[in-house]
Amino acid sequence: MPKDQTQTRRSELLMPAGSLERLKVAVLYGADAVYLGTPDMSLRTKSKFSLEDVKEGVAFAHAHGVRVYLTLNLFTHNKDVEKLESFIETLKDIRPDGVIIADPGVFNYVRKHAPELNLHISTQANVCSWLTVDYWKDMGAELVVLAREVTFAEMEEIREKCPDIRLESFVHGAMCMTYSGRCLLSNFMAERGANQGNCANSCRWHYKVHMKLKDGTIKELPLTEENLELFEFVLEEGARPGEFMPIEEDWRGSYILNSKDMCLMPKLNDLLRIGVDSLKVEGRNKSPYYVATVARAYRRAIDDYYADPENWSPDQYMDELVGATNRGFTIAFHEGRLQNYAHNYDHTKAMAPWEFAGMITEVREDGLVMNVKNRLDGGDVLEFLPSDPKAEPVLLRLYEYELANKPGEIADYVVGSRGDQVFIPFTAFDREDPEAIRRNFPPFTIVRSEAMLTDDDWRRFKLDKTAQKIELGQDAYKGAYRNQVKKLQDAIGSEQMEKRSKTSRSGAAGCCGRGCNGCLMFWNDPEYAKARELLKQKKMGEMLDRDMREKI
């Protein structure tokens, strides 16, 4: 076992930044580094960054002592190669702290044409062994992102055998059901290229069983209380005849590929002890609220561990993480074996007991200005999340809202969709020091409110917590888990079916038409021929403003 690396290698917290706003939130809430990319050259086509935003974001982060890693991690097709030269020239100008790459051809190109840049190997490269880490070190990589499938035991050995290269590991966020995201299911089901940043999440769709009769007709097999016990649904893989894998399905359908979110907070001390250099949070498409909540929890956890590793416990930080939208948590492959508790078979909704209420945009002499993000009614309780990890959140109930963008006007409710801004005077915080409010809640501070959840949702939360206890070795909860599963199944009811059966459309009708990289419809359908020509005239990182499809 490698020696304790706590004193020699201090781990950084690496947060996602899907937009300039989210970058600034991540920096404010304690990220040591952020990663981001433009839509056309990374694995996130929904990235909100233009090249001008990237430059501003890098400058902002560096001014606050935060490192910036740019993603260049798509798998190139021939049409992408011609963009590389201008993109690399831009990188030289921006000077990020690292460039994340998956494609060996791109790695070789950047190494030759921009040798001054630090090159990071993406998780998409499927690095699972010390031999592969050593290979990339010899090729000139400065950091390697380990695949999510790497167990902690393997990670320890990699750290021991590869002490001279930086290692990065995912610790939190959504997990793909395939090998480090190398999936073609989305390409097949929705014509969206998963390996070019445009995954449609087909693995999380709702699937139903049908019968194919001998005459070739296909009929739905409705399940009722009368016939439910007559059937058992199984899969047989072609190379394993006679080995039948059961699928549980009821009248709501089946979700056989729906992973919970990775959360290694319960095992964070393991990674800190062996000196994993970078702890990565997934979620460039997540909201500023998600970024702030997760960053704050991990910032506090990391700092508290280094202050007192012997008495560190994950419990209080887990309570914070539940406040960010999630599908339930799992430690995934950390201990080697992925258990059934790592999947949600009955309830696929990503949810949280809190929701994004607003963001502070201005601090005035007499109060705060907040951009509203959701509906807020009179009497709602707001919680202000301080970016200082040592400061405590502040609760405030408002019974009416003074509109900052309409001076003198008072509203019973406000909504984000119409661009409402509210002014919150310091006098509303009748139990707080105004100077402390001014200091702790600067611009980009996140404010949240309690979410309205159904009884089914609360049952899911309870089930998730029980499953996590079992996954962490508390087998005494297995009986309670089975009972909670049954209660959730009974509570959901068949009326939910219509709400949950709608999936992403396929074909040209399901394309936004703006030029997402990895969109097989946009890049191949004749209806987008002229749109492709228009996109060539755009600056790198820019997309079309609207759907430019021509009906043929």
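Residues numbered from 1 in each chain as written. Predicted model: local features only at pLDDT ≥ 70, side-chain atom pairs only at ≥ 80, totals over all residues. Heavy atoms only, no water.

**Considerations on the overall build of the chain**
Thinking step 1. Each helix and strand counted, the chain has 16 helices and 24 strands in total.
Thinking step 2. Counting the 552 residues in the chain, one finds 53% classified as buried.
Thinking step 3. Restricting the contact set of the chain to residue pairs at least 6 apart, pairs at least 24 apart contribute 68%.
Thinking step 4. Accessible surface, the chain as shown: approximately 26200 Å² in total, 48% of it carbon and sulfur. (Helix = DSSP H or I, 4+ residues; strand = E, 2+ residues; numbered from the N terminus. Buried < 20%, exposed > 50% of the residue type's maximum accessible area, 1.4 Å probe, protein only. Contact = heavy atoms within 4.5 Å. Areas by Shrake-Rupley, 256 points an atom, 1.4 Å probe, with all protein chains shown as cover.)

**A look at the nonpolar core**
The nonpolar side chains of soluble globular proteins are, as a tendency, buried together.
Thinking step 1. With 94 residues, the main nonpolar core has L72, M265 and L268 as its most contacted residues.
Thinking step 2. For this core, the element with the most residues is helix α9 (residues 288-307), which contributes 12 residues. (Core = buried A, V, L, I, M, F, W, Y, C linked by side-chain atoms within 4.5 Å.)

**Some thoughts on the confidence of the model for the chain**
Thinking step 1. Here the chain averages 83 in pLDDT, while 77% of its residues score no lower than 70.
Thinking step 2. Residue range residues 249-253 is modelled with pLDDT below 50. Its contacts to residues more than four positions away, or to other chains, number 25 contacts.
Thinking step 3. Contacts from residues 494-506, a stretch scored under 50 in pLDDT, to residues over four places away or in other chains number 23 contacts. (pLDDT = per-residue confidence, 0-100.)

**Observations concerning the side chain of S19**
Thinking step 1. As for its position among the elements, S19 is in the loop between β1 (12-16) and α1 (20-28).
Thinking step 2. Reaching out from S19, the side chain makes a polar contact with the side chain of R22 at a distance of 3.0 Å.
Thinking step 3. Once you skip the residues sitting within four places of it in the chain, S19 turns out to touch K48 and F49. (Polar contact = N/O pair within 3.5 Å; in protein donor to acceptor, adjacent residues only side chain to side chain.)

**Brief notes about the packing of α1 against α9**
Thinking step 1. Remark: α1 packs on α9, axes separated minimally by 9 Å, with the N-to-C direction vectors making an angle of 15°. Classified by the interaxial angle, the pair formed by α1 and α9 is roughly parallel. When you trace α1 past α9, the crossing you get is right-handed. Taking contact as the criterion, the partners of E21, R22, V25 and A26 in α1 are, on α9, P288, V291 and A292. (Axes fitted to C-alpha atoms, helices over the stretch in contact; angles between N-to-C directions. Parallel < 35°, antiparallel > 145°, perpendicular 65-115°, else oblique. Left-handed = near helix turned anticlockwise from the far one by under 90°.)

**Some points on the pattern of salt bridges**
Thinking step 1. In total, this model carries 30 salt bridges according to the counting rule given.
Thinking step 2. When the shortest N-O distance is used, the salt bridge between K24 and E56 registers 3.2 Å. On the criterion of sequence distance, the pair formed by K24 in helix α1 and E56 in helix α2 (residues 51-63) is long-range, its members being 32 residues apart.
Thinking step 3. Look at K24 and you get buried, because its relative accessible area is 14%.
Thinking step 4. Its relative accessible area of 39% is what places E56 among the partly exposed residues.
Thinking step 5. Of the charged contacts, one joins E168 and K280 as a salt bridge, the two residues approaching to 3.2 Å between their closest N and O atoms. (Salt bridge = Lys/Arg side-chain N within 4 Å of Asp/Glu carboxyl O.)

**Overview of the pairing of strand β4 (residues 98-101)**
Thinking step 1. The alternating pattern of β4 places G98 and I100 and V99 and I101 on opposite faces, both of which are buried.
Thinking step 2. In the sheet, strand β3 (residues 67-72) pairs with β4 via four bridges, with the strands oriented parallel. Within the sheet, the bridge partner assigned to L70 lies in β4 and is V99.
Thinking step 3. In this sheet, strand β5 (residues 119-121) lies alongside β4 in parallel orientation, the contact comprising three bridges. Residue I101 lies in a different strand from β5, and its bridge partner there is I121. (Pairing = 2+ DSSP bridges.)

**Here we look at the environment of M548**
Thinking step 1. Mapping M548 onto the fold places it in the segment after α16 (529-536).
Thinking step 2. For M548, a relative accessible area of 23% gives the class partly exposed.
Thinking step 3. Residues M548 and G515, 33 residues apart in the sequence, show an inter-C-alpha distance of 9.3 Å.

**Some words on the packing of aromatic side chains**
Thinking step 1. For the coordinates displayed, the defined rule picks out nine aromatic pairs.
Thinking step 2. Between Y305 and W312 the ring centres are 6.2 Å apart and the planes differ by 80°, which places this aromatic pair in the edge-to-face class.
Thinking step 3. W312 sits in the buried class, given a relative accessible area of 11%.
Thinking step 4. Among the aromatic residues, ring-to-ring pairing joins Y305, Y306, W312 and Y317 into one connected group. (Phe/Tyr/Trp six-rings, centres within 6.5 Å; stacked < 30°, edge-to-face > 60°.)

**Focus: α1**
Thinking step 1. For α1, a buried count of seven out of nine residues is recorded, marking the element as mostly surrounded by other parts of the structure.
Thinking step 2. The complete set of buried residues in α1 reads L20, R22, L23, K24, V25, A26 and V27.
Thinking step 3. Buried residues along α1 sit in contact with β1, β2 (33-36), α2, α9, β15 (354-363) and β24 (446-450).
Thinking step 4. Remark: G30 follows α1 within two positions and exhibits a positive phi of approximately 110°.

**Points about the packing of α1 against α2**
Thinking step 1. At their nearest, the axes of α1 and α2 sit 10 Å apart, and the two run at 10° to each other. By the angle class used here, α1 and α2 are roughly parallel. Judged by residue contacts, L20, L23, K24 and V27 of α1 engage D53, E56, G57, F60 and A61 from α2.
Thinking step 2. Residues belonging to the contact of α1 with α2 are distributed by class as follows: five nonpolar, one polar and three charged. (Nonpolar A, V, L, I, M, F, W, Y, C, P; charged D, E, K, R; others polar.)

**Concerning the sheet that holds strand β19 (residues 394-398)**
Thinking step 1. Strand order in the open sheet made by the eight strands is β19-β18-β24-β15-β16-β23-β20-β21, with antiparallel pairing throughout. Every interior strand has two partners, whereas the edge strands, β19 and β21 (410-411), have only one.
Thinking step 2. Direction of pairing for strand β20 (residues 401-403) relative to strand β23 (residues 421-425): antiparallel, over a ladder of two bridges. The residue of β23 that forms the bridge with E402 is F423.

**Some details on the environment of G323**
Thinking step 1. Relative to the elements of secondary structure, G323 occurs in the loop between α10 (315-321) and β14 (329-330).
Thinking step 2. Taking the C-alpha atoms as reference points, G323 and E450, separated by 127 residues in sequence, lie 9.6 Å from one another.
Thinking step 3. The contacts of G323, once residues within four sequence positions are left out, are Y289, T293, A352, P353, W354 and R448.

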